Amino acid sequence: MSNDGFSVGGSFGGSFGGAGYGSGQTPGQTPGQASARPEAAAAPAGQPASGILDPQGHAVPGSGAELIRDVTTQSFMSDVIEASRQQPVLVDFWAPWCGPCKQLTPILEKVVRDARGAVVLAKMNIDEHPEVAGQLGIQSIPAVIAFKNGQPLDGFMGAQQESQIKAFIERVAGPIGPSDAEQVLGEAEAAREAGDLARAAQLYGAVLSMEAENGAAIGGLAQCYVAADALDKAREVLDAAPEAAAKDPAISAARAAIDLAEQAGALGDLAELEARIAADPADHQARFDLAVALGSGADRQQAVDHLIEIVRRDRSWNEDGARKQLLQFFEAWGAKEPATGYGRRKLSSVLFS
């Protein structure tokens, strides 16, 4: 299992593999009685269970596809054990009073939808249906167990990050690839890097129509406004960001980019700064101001060089201001920006040489 100390035990193996659920028996039945599946779990009359999904991974009405379902003790055999012979089924054991369950559920559901039918999610309220959790030996919730080919395969306990859940699903069902939102986000990033701000903004908006709390899309849209020198619009985008996305690195980067743009806008004539540096290479303030102006535009590597020169000459200048400005550059530019990697290497070289 995915967590130390988490194991599937108890009487599960015997009950589901032998004379219990394995033979179609539910609690309270005598051997030989069949388990009846609730009508709600079956496909409506006249509608085949084709398993058709739309591009977002939602069931097409009438297709019979059920990516997320509630299960009971009585329907467990059909909705989990038998269903897992067709595709892996994740069983989420939860309870209404469980705080971590409330954190996990929306993330788990999102990743399952993004998997576009690679797995099915079955949700079991252990307050109403404690028998299966007891047979599995589950003592802590939330607990998620993956079933495949009628048997428990893997599992985890506690709230998990989206990336961890995606990795878990891929261990169970194989690679699932990027979600639709991730694909559009990649196109948006490429358009922004190419300078096509209008298309990038449109694509970021499309991502947000699918995932309103997508921090990367919010930050990217704000960066488009920064690049277009529409700082007020960029602030509006960030101020409207949902609380759940507020700490996303892309949003922090956008805020840093706004700060840089504001600093650069107040600096005036760059030719004058260059002349001051030529006359006095130790004019750190002129070199610093020029670096800020260059860093908010396209000459990022040159901006790095000027700040590195200040650090090399006098690191203590302005309370280590040059190094701190470099760190702000790195945050605003992002880890993928070539100038960020260049700057980190140069900074390490001058600090540890």
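Use the structure listed above.
This is a predicted model, so every value here is computed, not measured. (Residues numbered from 1 in each chain as written. Predicted model: local features only at pLDDT ≥ 70, side-chain atom pairs only at ≥ 80, totals over all residues. Heavy atoms only, no water.)

**Student:** How would you explain the overall build of the protein chain if you had to name every residue and give the values?
**Tutor:** What the protein chain contains, in helices and strands, is 15 helices and 5 strands. Put simply, the protein chain has 353 residues, and 43% of those count as buried. Across the protein chain, every contact between residues at least 6 apart in sequence was considered, and the portion connecting residues at least 24 apart equals 62%. Looking at the protein chain as shown, the accessible area adds up to about 17,400 Å², and 50% of this sits on carbon and sulfur atoms. (Helix = DSSP H or I, 4+ residues; strand = E, 2+ residues; numbered from the N terminus. Buried < 20%, exposed > 50% of the residue type's maximum accessible area, 1.4 Å probe, protein only. Contact = heavy atoms within 4.5 Å. Areas by Shrake-Rupley, 256 points an atom, 1.4 Å probe, with all protein chains shown as cover.)

**Student:** Tell me about helix α3 (residues 99-114), residues and numbers included.
**Tutor:** Taking 1.5 Å as the rise per residue, α3 with 16 residues should run 22 Å; its terminal C-alpha atoms sit 24 Å apart, in good agreement. Of all the bends in α3, the greatest reaches close to 25 degrees and is centred on Thr 105; the proline Pro 106 follows between one and four positions later. Three or more residues of α3 are buried, namely Cys 101, Leu 104, Thr 105, Leu 108, Glu 109, Val 111, Val 112 and Asp 114. Its buried side turned inward, α3 meets β1 (68-70), β2 (89-94), β3 (120-125), β4 (143-148), β5 (151-157) and α5 (162-173). Phi turns positive one or two residues past the end of α3, at Arg 116, with a value near 55 degrees. (Expected span 1.5 Å × (residues − 1). Bend = angle between axes of the 7 residues up to and from the residue.)

**Student:** Run through the side chain of Ser 84, naming residues and quoting values.
**Tutor:** Residue placement: Ser 84 occurs in the loop between α2 (76-82) and β2. Take Ser 84: its relative accessible area is 1%, and that puts it in the buried class. Side-chain polar atoms of Ser 84 contact the backbone nitrogen of Gly 150, separated by 2.8 Å. (Polar contact = N/O pair within 3.5 Å; in protein donor to acceptor, adjacent residues only side chain to side chain.)

**Student:** Explain the nonpolar core to me, using residue names and the numbers behind them.
**Tutor:** Residues Tyr 204, Ile 218, Leu 238, Leu 307, Leu 326 and Phe 329 are the most contacted members of the largest nonpolar core, which totals 51 residues. Counting 24 residues, the second-largest nonpolar core is a separate cluster that includes Met 77, Cys 98, Val 120 and Ala 133. (Core = buried A, V, L, I, M, F, W, Y, C linked by side-chain atoms within 4.5 Å.)

**Student:** Quick one: what's the story with the sheet that holds β4, residue by residue and with numbers?
**Tutor:** Judged by pairing direction, the sheet is mixed, and its 5 strands sit side by side in the order β1-β3-β2-β4-β5 without closing on themselves. At either end of the open sheet lies a strand with only one pairing partner, and these are β1 and β5. Across the sheet, the axes of successive neighbouring strands diverge by a mean angle of 25 degrees, strand direction being ignored. Examined bridge by bridge, β2 and β3 share 6 bridges and lie parallel to one another. (Pairing = 2+ DSSP bridges. Axes fitted to C-alpha atoms, helices over the stretch in contact; angles between N-to-C directions.)

**Student:** Describe the environment of Leu 197, and please don't skip the residues or the numbers.
**Tutor:** Among the structural elements, Leu 197 can be located in helix α7 (residues 197-210). With a relative accessible area of 23%, Leu 197 lands in the partly exposed category. Once the C-alpha coordinates of Leu 197 and Ala 228 are considered, the two residues, 31 residues apart in sequence, prove to be 7.7 Å apart. Setting aside its immediate chain neighbours within four residues, Leu 197 contacts Arg 192, Cys 224, Ala 227 and Ala 228.

**Student:** Would you mind going over empty space enclosed by the protein in detail, with residue names and values included?
**Tutor:** If a probe the size of a water molecule is rolled over the atoms, the empty space left behind becomes visible. One pass over the full model with this rule turns up 1 cavity of 30 Å³ or more. For the largest cavity, the calculated volume is near 50 Å³. As for the largest cavity, its lining consists of Val 111, Asp 114, Glu 162, Lys 166, Ile 176, Gly 177, Pro 178, Ser 179 and Glu 182. Residue assignment for the lining of the largest cavity shows that the elements contributing at least two residues are α3 and α5. A per-class count over the lining of the largest cavity returns 3 nonpolar, 2 polar and 4 charged. (1 Å grid on protein atoms, 1.4 Å probe; cavity = no way out; pocket = protein on both sides within 12 Å on 5 of 7 lines; lining within 4 Å. Points joined across faces, edges and corners; volume = space filled by probe spheres on them. Nonpolar A, V, L, I, M, F, W, Y, C, P; charged D, E, K, R; others polar.)

**Student:** Mind laying out the pattern of salt bridges, listing which residues take part and the relevant values?
**Tutor:** A complete count under the given rule lists 19 salt bridges for this structure. In this structure, Arg 199 and Glu 187 form a salt bridge, with 3.8 Å as the shortest nitrogen-oxygen distance. Highlighted residues: Arg 199 in helix α7 and Glu 187 in helix α6 (residues 180-193), separated in sequence by 12 residues. Of the residues examined, Arg 199 reaches a relative accessible area of 38% and is grouped as partly exposed. Assessed through its relative accessible area of 40%, Glu 187 is described here as partly exposed. Among the charged side chains, a salt-bridge network with shared partners connects Lys 110, Asp 114, Glu 162 and Glu 211. (Salt bridge = Lys/Arg side-chain N within 4 Å of Asp/Glu carboxyl O.)

**Student:** Provide a residue-level description of the packing of helix α14 (residues 321-333) against helix α15 (residues 338-352), including the pertinent values.
**Tutor:** α15 packs onto α14 with a crossing angle of 155 degrees between their chain directions and a minimal axis gap of 9 Å. In terms of orientation, α14 lies roughly antiparallel with respect to α15. Considering only the axes of α14 and α15, their crossing is left-handed. Across from Arg 323, Leu 326, Phe 330 and Trp 333 in α14, the residues of α15 making contact are Ala 339, Thr 340, Gly 343, Arg 344, Leu 347 and Leu 351. (Parallel < 35°, antiparallel > 145°, perpendicular 65-115°, else oblique. Left-handed = near helix turned anticlockwise from the far one by under 90°.)

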